[in-house]
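Chain by chain, the residues run as shown.
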Amino acid sequence: MSEQLGIGKLTTRDIDVAGKTVLVRADLNVPLDGDRITDDTRIRGSLPTIRLLLESGAAVVLCSHLGRPKGVTPELSLGPVAKRLGELLSTDVELSVDCVGAQARALVDSLEPGNVLLLENLRFHPEEVQNDSTFSRQLAAGADFFVNDAFGAAHRAHASTEGVTHFLPSVAGLLMEKEVRYLSALVADPPRPFAALVGGAKVSTKIPALRHLLPGLNVLLVGGGMANTFLKAQGHAVGSSLVEDDQVEIAVQILADAGEKGVNVRLPVDVVVAERMAEDARVETVAVSAVPAGSMILDVGPQTVEDYGQALAPTATVVWNGPMGVFEMSPFAGGSLGMARVLSELSAVTVVGGGETAAVVAISGLAERFTHISTGGGASLEMLEGKPLPGVSSLMDVTN
Ligand code: ADP
Ligand code: MG
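I will try to describe carefully the structure that is included in this document. In this text, all values refer to a predicted model and were calculated from it rather than measured experimentally. (Residues numbered from 1 in each chain as written. Chains lettered and ligands numbered in written order. Predicted model: local features only at pLDDT ≥ 70, side-chain atom pairs only at ≥ 80, totals over all residues. Heavy atoms only, no water.)

## Observations concerning the overall build of the chain
Reasoning step 1: Within the chain one finds 14 helices and 17 strands.
Reasoning step 2: Relative to the compact-globule value of 21 Å for 400 residues, the chain shows a C-alpha radius of gyration of 23 Å, a close match.
Reasoning step 3: Each of the three principal axes of the chain carries a C-alpha extent, and together these read 70 × 50 × 35 Å.
Reasoning step 4: Of the contacts formed within the chain by residues at least 6 apart in sequence, a portion of 74% connects residues at least 24 apart.
Reasoning step 5: With 30 positive and 47 negative side-chain charges, the chain shows a separation of 2 Å between the mean positions of the two kinds. (Helix = DSSP H or I, 4+ residues; strand = E, 2+ residues; numbered from the N terminus. Rg over C-alpha atoms; globule rule 2.2 N^0.38 Å. Contact = heavy atoms within 4.5 Å. Lys, Arg positive; Asp, Glu negative; His and termini not counted. Charge placed at Lys NZ, Arg CZ, Asp CG, Glu CD.)

## A look at the packing of helix H8 (residues 224–233) against helix H9 (residues 248–260)
Reasoning step 1: Packing of H8 against H9 leaves a shortest axis separation of 8 Å and a crossing angle of 80°. One finds that H8 runs roughly perpendicular with respect to H9. The residues of H9 that touch H8, namely those facing Thr229, Phe230, Lys232 and Ala233, are Val248, Ala251, Val252, Ile254 and Leu255.
Reasoning step 2: Looking at the contact of H8 with H9 residue by residue, the class counts come to seven nonpolar, one polar and one charged. (Axes fitted to C-alpha atoms, helices over the stretch in contact; angles between N-to-C directions. Parallel < 35°, antiparallel > 145°, perpendicular 65-115°, else oblique. Nonpolar A, V, L, I, M, F, W, Y, C, P; charged D, E, K, R; others polar.)

## Some remarks on the environment of Met329
Reasoning step 1: Among the structural elements, Met329 can be located in the loop between strand S15 (317–321) and helix H11 (334–344).
Reasoning step 2: Sequence spacing of Met329 and Arg25 is 304 residues, and the spatial spacing of their C-alpha atoms is 35 Å.
Reasoning step 3: Leaving out residues up to four positions away in the same chain, Met329 has contacts with Met277, Ala278 and Glu279.

## Quick notes on the site of ligand 1
Reasoning step 1: Lining the immediate surroundings of ligand 1 are 18 residues, of which Ala201, Lys206, Glu328, Glu356 and Thr357 lie closest.
Reasoning step 2: Between an oxygen atom of ligand 1 and a side-chain N or O atom of Lys206, the distance comes to 2.7 Å.
Reasoning step 3: Taking Gly225, its main chain carries an N or O atom lying 3.1 Å from a nitrogen atom of ligand 1.
Reasoning step 4: Expressed as a share of its isolated accessible area of 580 Å², the protein-covered part of ligand 1 is 83%.
Reasoning step 5: If you tally residues by element for the shell around ligand 1, the top one is helix H12 (residues 355–364), at three residues.
Reasoning step 6: Of the residues assigned to the shell around ligand 1, the class counts are six nonpolar, nine polar and three charged. (Near = heavy atom within 4 Å. Polar contact = N/O pair within 3.5 Å; in protein donor to acceptor, adjacent residues only side chain to side chain. Areas by Shrake-Rupley, 256 points an atom, 1.4 Å probe, with all protein chains shown as cover.)

## Things to note about the pattern of salt bridges
Reasoning step 1: Scanning all chains against the criterion turns up 16 salt bridges.
Reasoning step 2: Close ionic contact of Arg276 with Asp280 constitutes a salt bridge, the shortest N to O distance being 3.1 Å.
Reasoning step 3: Take Asp280: its relative accessible area is 61%, and that puts it in the exposed class.
Reasoning step 4: Several salt bridges converge on common partners, so that one network encompasses Asp40, Arg44, Lys83, Arg84 and Glu87. (Salt bridge = Lys/Arg side-chain N within 4 Å of Asp/Glu carboxyl O. Buried < 20%, exposed > 50% of the residue type's maximum accessible area, 1.4 Å probe, protein only.)

## Structural notes on the environment of Asp245
Reasoning step 1: Checked against the element boundaries, Asp245 lands in the loop between H8 and H9.
Reasoning step 2: Distance in space between the C-alpha atoms of Asp245 and Lys232 is 8.7 Å, their sequence separation being 13 residues.

## Details of the sheet that holds strand S5 (residues 93–96)
Reasoning step 1: One open sheet accounts for six strands, arranged S5-S6-S4-S1-S7-S8; its pairing is parallel. What marks the edges here is a single partner per strand, and that holds for S5 and strand S8 (170–172). Here the strands of the sheet are splayed against their neighbours by 25° on average, with no regard to which way each runs.
Reasoning step 2: Judged from the four bridges that link them, S5 and strand S6 (residues 116–119) form a sheet pairing that is parallel. Following the sheet pairing, Ser96 is matched in S6 by Leu119.
Reasoning step 3: Across the sheet, helix H1 (residues 41–55) lies against strand S1 (21–25), strand S4 (59–63), S6 and strand S7 (145–148), angled at about 155° from S4, the strand it touches most. (Pairing = 2+ DSSP bridges.)

## Some words on the sheet that holds strand S10 (residues 219–222)
Reasoning step 1: Pairing is parallel across the open sheet formed by six strands, whose spatial order is S11-S10-S9-S15-S16-S17. Each end of this open sheet is capped by a strand with a single partner; those strands are strand S11 (264–266) and strand S17 (372–373).
Reasoning step 2: Direction of pairing for S15 relative to strand S16 (residues 349–353): parallel, over a ladder of five bridges. Each residue of the ladder has a partner; that of Asn321, found in S16, is Gly353.

## Thoughts on the packing of helix H6 (residues 174–188) against helix H13 (residues 377–384)
Reasoning step 1: One can describe the packing of H6 onto H13 by two numbers: an axis separation of 9 Å at closest approach and a directional angle of 30°. In terms of orientation, H6 and H13 fall into the roughly parallel class. Of the two possible hands of crossing, H6 and H13 adopt the one that is right-handed. In this structure, H6 contributes Val180, Leu183, Ser184, Leu186 and Val187 to the contact, and H13 contributes Ser380, Met383 and Leu384.
Reasoning step 2: Within the contact of H6 with H13, the residues separate by chemical class into six nonpolar, two polar and no charged. (Left-handed = near helix turned anticlockwise from the far one by under 90°.)

## Topic: the side chain of His158
Reasoning step 1: Locating His158 in the fold gives a position in the loop between S7 and S8.
Reasoning step 2: The residues contacting His158, other than those within four sequence positions of it, are Arg123, Glu128, Val129, Asn131 and Gly163.

## Side note on the nonpolar core
Reasoning step 1: Counting 47 residues, the largest nonpolar core has Phe151, Leu217, Leu220, Val222 and Phe230 as its most contacted members.
Reasoning step 2: Ignoring sequence-local partners within four residues, the contact set of Val222 consists of Val198, Ala227, Phe230, Arg266, Leu267, Pro268 and Tyr308.
Reasoning step 3: Listed in part, the 29 residues of the second largest apolar core include Ala26, Val60, Phe145 and Val147. (Core = buried A, V, L, I, M, F, W, Y, C linked by side-chain atoms within 4.5 Å.)

## Some details on the state of the cysteines
Defined simply, a disulfide is a covalent bond joining two cysteines at their sulfur atoms.
Reasoning step 1: What the rule picks out here adds up to zero disulfides.
Reasoning step 2: Cys63 takes part in no disulfide bond, and the closest cysteine sulfur, belonging to Cys99, lies 7.8 Å away. (Disulfide = S-S within 2.5 Å.)

## Quick notes on the pairing of S7
Reasoning step 1: The alternating pattern of S7 places Phe145 and Val147 on one face and Phe146 and Asn148 on the opposite face, and all of these are buried.
Reasoning step 2: Sheet topology note: the S1/S7 ladder contains four bridges and is parallel. Looking at the pairing, Val24 lines up with Val147 of S7.

In structure tokens, the structure reads:
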């Protein structure tokens, strides 16, 4: 996949920001335990854009959502994020107690080049999600440019992702550019053979992506809870496993389509089963043809990992979305961690999309060996479905 491949949108590198004030939409939606940040990956992901802007002589006004507050919710304040950002940037990051209004405007107007201001949680205002244009204009007030670096929120047309682009010259941040470049290259013209490894809980949430990717795929490997519906479609008994009966027909159709197109489709050959989904459950690894009644399939087995590894060996590009099992519990983590190891050892381009799948790769300790791990769960899935993202479409196009 060419590093040169553009995304067709202007980026932070294309604008002259010296002496200007730049509004940056970042994805600072980090997990919190009280006021302690338990994982600062997203904050770190936004640093390259912030640093580039500061080095170029801009004043930076950052905004983000955190969680899903209904109105002002002190527990979802971005205060801890301002503190962490300050540590990482080695500068004071002031927090404006409201993201719009007179006080925010006064703070924005007082900024000097090299200063960073963080606006309080955008979703304390319902107008953010409603993409209210008055609110968008207030957000844009005092800024000269808008940089959208929040890939994780780009599939939503909110005031801070789409609305503000009507009021400011708007470009992509570096993280946004990287995410879109990798994922659009996958959808457009990946180096072949091209494989998809799909899992996760429900097949219904993955059907649009499967349908979109299928015509371009050479190998399709199915695991996780969604494999149960495919196994059922093939006539296997799946005990009390999670199955979506209304999707069995669609699974049959996808298998038929894949067969017609010559895609190498693999389903699990062995599975880890238990009567309960619990850390201390009694587990057993059985062939897919021997799932006991009353047992649930909660992971793929070692033979499946081996088999999928063989199918992936000749591939040049692999996209992975959806864990192979209930990896949150150690007895059912082996399949997902096994596939993380298999992918990490390939020389292929390996791209991971999906929040939980990224978590699996992080737990495996092998993240460094993947080509790209997307920070945006929902947004990456929508890109794989071939949908335009409003937070990207609304940015200025490259004109030659
Ligand atoms: P992602 O966030 O990477 O897109 P999904 O949200 O689609 O992934 O699915 C992740 C969830 O799927 C995990 O919480 C995992 O526990 C669950 N899961 C995986 N395999 C099974 C299974 N066999 N039965 C029930 N749930 C499963
Ligand atoms: Mg998920």
